[in-house]
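# Breakdown of the fold
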Amino acid sequence: MGTTGSVASGKDENIEMNIADEAPMLENQRSMKRHNSQPQAVSLFNQLKLRPKQHADGNMRQSSSLRSSASFDPNFPTAQINPVTNAGNNQAESTHQIRHDYELQKVTMDQEIQNLRRKEQKLETENNRLRAELQALNKQCQRLRTERDAALSSSHEATERAIALEQDREKIQRQFKIFRETKEGEIQSLLQAKRQLESNFHRMEAQGMAMIDDHNFTAPDNNNLLNLHSAYGEWWAAPESEITSLFDSCTQIRSRYHQLDQQKSSKQLMDVTSLSSEAWMTSSNNLSNFLPISNVFEEHGRNVLRVYISTTPDCVNDVTALLRHHLLKKLEILCNYEGYFLNIVHFSGSSDYEKFEPKSCEEGAKKMLKIEKDIRFAISTCDLFVSFIGTNLGSFTEVEFDEGFVKRDGKRSTFFCLRSNQTPPTSQNSPTTQQTNNNNINNKLLRHKITKQSSKQNMFYNSTEDACKFVLIQIVKAVRLIFGIKTSLQIDDKSNVMSLKIEGSETISCIDEIPIDEILEQQQENISIRSISPSNQQPVGFDKCYDRLDEVVTSPGPVPPLLVSGSNGSGKTLLLSSWAHKLRSRRPDVIVLQHHVTGCNSLDAEPVIIFRRLLSQLIRHLPVGTLPPLRSYATYDVIRLKETLPRWLEQLSARLDNRVVLVIDSLDLVKDAPIHFQWLLDPLHVGVRVIISVSVDNCAEIWRNWPTLHLEPFSVNSVRQLIQKSHSDVDIPLQMRNEVISQCRTSTTYHPLYVALLCAVARSVCTNESDESVWLAALRTRDVVELYRLILREIESASENRQHRNQLKLILQFIVCSRDGLAETELLTFVQTQWSKLYAHLRKLLLLMVLKEEAGFYRPHNSEIATILYDLFVTNKTHQRKFLNIMATEMRSYYDKYQATPRTMHVLPWLLHQLDERDSLYDVIYSPQLLHLMYTRGRINEVVSVLNYLNEEKLSTSKLYHDNIRKLETTNTSSDDVMMMQIANMYASLGRFDAELGLMEEAVSSLQKSLEIREIILDPDHPSVADSLHYLASVYAQWNKFNTAESLFRHALELVEGTVGRDHLRVAQELASLIRIIRKSGKVDIVESLQIRMMRVYQKNGTLTATGLERLRKRTLTLEELTVEEDSLEIAKALNDLAVMNHMQKNFDNAESFFLRSLNMRRKLLGENHLEVAQSFYNLALVNAEQKKLKSAIESMQKALDIRQRANSGCNDDVIISTMKGLALLHKKSKDRNGASRLYAKIVDYQKQLLGERNPIYANALLNQAVCESQNGNLDTALPLYEKALEIYRSCHGDDSQQASHTLRNIAVLLYQKGDHEKAALAYKKSVKNEQIAACGKSPW
């Protein structure tokens, strides 16, 4: 069957094998095994038997493979093959059949292999083609992706270029507008000067030359009035909706302030009223920022009045009756309605206080000492101390007397209610006879001390009603004096029933420029006051920081914002507040606008509030009579506000030629701060400086490129200074001080907050508040977190029992979950505790810097402890929601009972918003009372935010508010006048709110309704009607209905003039509004006369704003009623305050009378050498100087100086120097130049000792002495003084500074008087050249 032949095996010819096919068969076998496609052929092929093979050794072995015919052994014996049988035939047939099948299978497999190879080649070709296509597609995709990225990049670049071009265009427009307005103002001033010169020329031609006193600064000058009123016309010539011109020309402003600058630099002869500004800077307790005379009675941040009630065991029932008196509760609610807190603090509910029974002597001594500390702490925080003393003295009565009366030294009011009945009450547990005798003796001694030292503050009573009436009268007086609430206690003569009367206002009040929440202002003032308090006179470790901040202010040219960064607790707030105070003291010409953000949830973190506060501060520095229209800055639209503030900053700095410093603390806590303050990235005016502080972790990325002042950890010297300050009030052993220094080894232990905490722990150990083990454990801590956790564990372990610890945890939990702290009465309600327990916790938490008090609210001391308290006591959102729910429930209960108060208005909407309770929030936010409070306190933006959260529409919102007020009006069936006036106020607030929303028809409707109610309830000529007329006219002006607005403004002006006369500041406000409307109407012919009237009113009212004058008015009316009592230190302080207010209102005769009464009362009560007597002499001297009573003024000022010099330990050097300056100027005014020269020489010696010879303040003193010597004719003595002052000015301020130029000019005058004309001419030319260089250097960007 093959081509190569076959071989017969033995006799059987049928047995043959195709040797040539052996190899293909093997190959086929391997192929079939590889592909595993024909298992049957493989099995058949394996049936073939292999022949044995004879090897060289003669043995036969079976071959492992088939062999070809050539491989057969020729010597193989054929005889060895057995004969073939029938079975062999069958085998041959099967072999043949197998071979045949094999051949068929082989052919089939070959064909399949070929087919598979062809398919493989085809697939390979297809694969190569597809791979090539895929590569082409990948290249195309990559090309398209590259084109897409290029297109997007081009689009972004185009957008950025468009934005940049738009910003540049707006900037150029603003600069051109400023340039145009400046030139227009200069042209107008030149024309006005021309007209005035022509008028003077014609008058001189007709009447001849008149002599004028160049130094008569107090006489009215029509020239100044004309300049001022013309400037006013140029300031606000634009419509109210778009203010384009803010200030008059630079030449007018410079000429107006040139004399003031000369007085500050060369100290030439000036008005004595400027003396008070220096004394004002040294007074920490003042009436307002506008009063120049020191007033030591009123304190900043007073929104809480605390009254401590002390009692003996037999007078507990009297105190309980007082606490439950309905008039006291009514007075507390009245204070809450006005935004204040009246806290009646008492420990009478505590069992330990009423009857102290220690279990053991040692334990009793410790517990008694702790209760004494709690009592002393509580009394030290209170404003009034009232003590009920009966027959048996309590365990702590003498402690309360010592803290409440002896240690106060008349600083706060103290009253005693002494029970007349001397019979001791019977008791089952009566003391022993010896104890009774000792008690009686102590009682007699205490009563003797009380009657001897405070006879005018005692009241002997027999009945509880008499005691309650006496105490209520004193509390009502304190409420009127501190809060200014018009209320009084009336007693019916027939029934002897007491009632609380709320008095209405019958006088005209000024329109507030920008309403700001008073609580917020108090908190901001408290932050500033803490930086200048006696404990923080010189904050530690900030010397280099002060120098860096000063460089920002003094550096020439445009300066980018300075970023003050630091970790939590590094002292950023203290640094900025203390530096701002120092800057105001050293550089009165610098305008400082300041705002502090205290928390991310607090009110001061709202962008609208920040912009409005900064604008309100900026308005105070505007020249007299140049306030803009109210709508241009009183808006609540954050977009308009952030456009207005940068423009005003730029124009104020450019036109007044002063540095304007904007300081914002903790700006990173403001939500979306990079968006709202994006304008900080744009270049501001060359005179504007911006300083912001942020935390290192929360700083926005776009701010990181600014110049940065990073607060580094303390140095060893700073640690020593801080320990020394802590050692001043508590005696810390030397060993502990050394341990504090040795503990500070790393950056975390050199942290300012860590060092302050360690010192607080040391003080706590030294005063036996903590054990020695706490101090040892504190020395093992490594950072602030560990130390705070140790402090919290120590406070918690020091608790008496489990209930005490739970109360501590609740206090901390509620405070941490609150918006911005809680008041004491709120903590009492939420925690369900007593005053004694509450003050025990608060004393320890305040001492160890866990909590702090701001404006009557307790909050975490810093952000670091706030985070720790949250992690330890709240832990998660679920627990936080639980505490928020409790607070919301209590607040909602109070709201339902007493309606909206400023506190519920502040907290309740925020709580409901946090809890996402939309239904309750809907009911609360649509309260008309809440709307009125929000609008009058400058927080209507929160209402708008909540309405947006509830997806409400403007028109439906206005209608719903109107319907709710209408329901209140219809439910007032008794026609209560007080309720109807409240409804009228709600209508007025709603109308103004509608005007903000652009709903003019609704606004007019609401304001007309308010006007109708006031005219019906009061009288058409009542002062309150003028307010409604003013607001209604403003809406018509905004609606462009000028004729209607003009008639309403004229009607309001008539009512105001008929009530308060023609010189009230409110008259100037109405005239300003009327002038704007007349200008828009085109009636410019009558504008000039109205402007002259307006400017005369502004000049008579001085620099007071409307808000400042309103505070003065309310305070004056209150004090006038309180000064009819008997002599006391409180009445003396009230008289001093009343004199201050009359001084500011130019009522110098009344001011002199009140100052004399206050002076005589203080001399009688305090003696001749008290510092308060010196202050009264100083104030009296200023008033006498205003009255031209120079001899009396010199005598009073000399007495003030003598007292202050004798009491040098209690009076700092700045006050003494200020008094000496005032006395020198009075001598100069009275032509006693020799006396002035002697005083200036003493001032020079003082300043040299205090400041050194390279200080510009020392140079000022030299200049003052030189001017005085020049006026005395001692030119040779004056010249070295001038030259030395000039050298200091050049080294401190530069050769081209204003101080150096003015000194050169004085030297030129002196040389001219000496006859050295050439040197005089050179000095004068150099001074003029320096002024020109300085003027060129102040050009805008």
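A brief report on the enclosed structure follows.

What counts, and where the lines are drawn
- Residues numbered from 1 in each chain as written.
- Predicted model: local features only at pLDDT ≥ 70, side-chain atom pairs only at ≥ 80, totals over all residues.
- Heavy atoms only, no water.
- Helix = DSSP H or I, 4+ residues; strand = E, 2+ residues; numbered from the N terminus.
- Buried < 20%, exposed > 50% of the residue type's maximum accessible area, 1.4 Å probe, protein only.
- Contact = heavy atoms within 4.5 Å.
- Areas by Shrake-Rupley, 256 points an atom, 1.4 Å probe, with all protein chains shown as cover.
- Pairing = 2+ DSSP bridges.
- Axes fitted to C-alpha atoms, helices over the stretch in contact; angles between N-to-C directions.
- Phe/Tyr/Trp six-rings, centres within 6.5 Å; stacked < 30°, edge-to-face > 60°.
- Lys NZ or Arg CZ within 6 Å of the ring centre and 35° of its normal.

Let us look at the overall build of the chain. The helix and strand inventory of the chain stands at 51 helices and 16 strands. With 1341 residues in all, the chain has 50% of them scored as buried. Sequence-distant contacts in the chain: of pairs separated by 6 or more residues, those separated by 24 or more amount to 72%. Carbon and sulfur atoms provide 50% of the accessible area of the chain, an area that totals close to 64400 Å².

The next point concerns the sheet that holds strand β3 (residues 304-311). The pairing of strands in a sheet comes from backbone hydrogen bonds and takes either a parallel or an antiparallel form. Strand order in the open sheet made by the five strands is β4-β3-β5-β6-β7, with parallel pairing throughout. Sheet topology places β4 (341-346) and β7 (458-461) at the edges, where each strand pairs with a single neighbour. For this sheet, the mean inter-axis angle between neighbouring strands, taken without regard to orientation, is 15°. Where β3 and strand β5 (residues 384-389) come together, five bridges link them in parallel fashion. Its bridge partner being in β5, tyrosine 308 is matched across the sheet by phenylalanine 385.

In total, this model carries 23 aromatic pairs according to the counting rule given. Both rings, one in tyrosine 308 and one in phenylalanine 347, keep their centres 5.9 Å apart while their planes meet at 65°; by these two values the pair is edge-to-face. Remark: phenylalanine 347 occurs in the loop between β4 and α9 (351-354) and tyrosine 308 occurs in strand β3; sequence separation between them is 39 residues. Given the relative accessible area of 0%, tyrosine 308 is considered buried. Residue classification places phenylalanine 347 among the buried residues on the basis of a relative accessible area of 3%. Taken together, a centroid distance of 5.9 Å and an interplanar angle of 10° make the contact between tyrosine 308 and phenylalanine 385 stacked. Taken together, the positions of tyrosine 308 in strand β3 and phenylalanine 385 in strand β5 put the pair 77 residues apart, joining distant regions of the chain. When the ring centre of tyrosine 1178 is taken as origin, the NZ or CZ atom of arginine 1204, which lies over that ring, is 5.0 Å away.

Further remarks concern the sheet that holds strand β11 (residues 591-596). Taken in spatial order, the five strands line up as β11-β12-β13-β10-β14 in an open sheet, and their pairing is parallel. Lying at the two open borders of the sheet, with one neighbouring strand each, are β11 and β14 (708-710). Adjacent strand axes in the sheet meet at a mean angle of 15°, parallel and antiparallel pairs treated alike. Bridge analysis of strand β10 (residues 562-566) against β14 gives three bridges, and the strand direction is parallel. Paired with valine 564 across the bridge in β14 is leucine 709.

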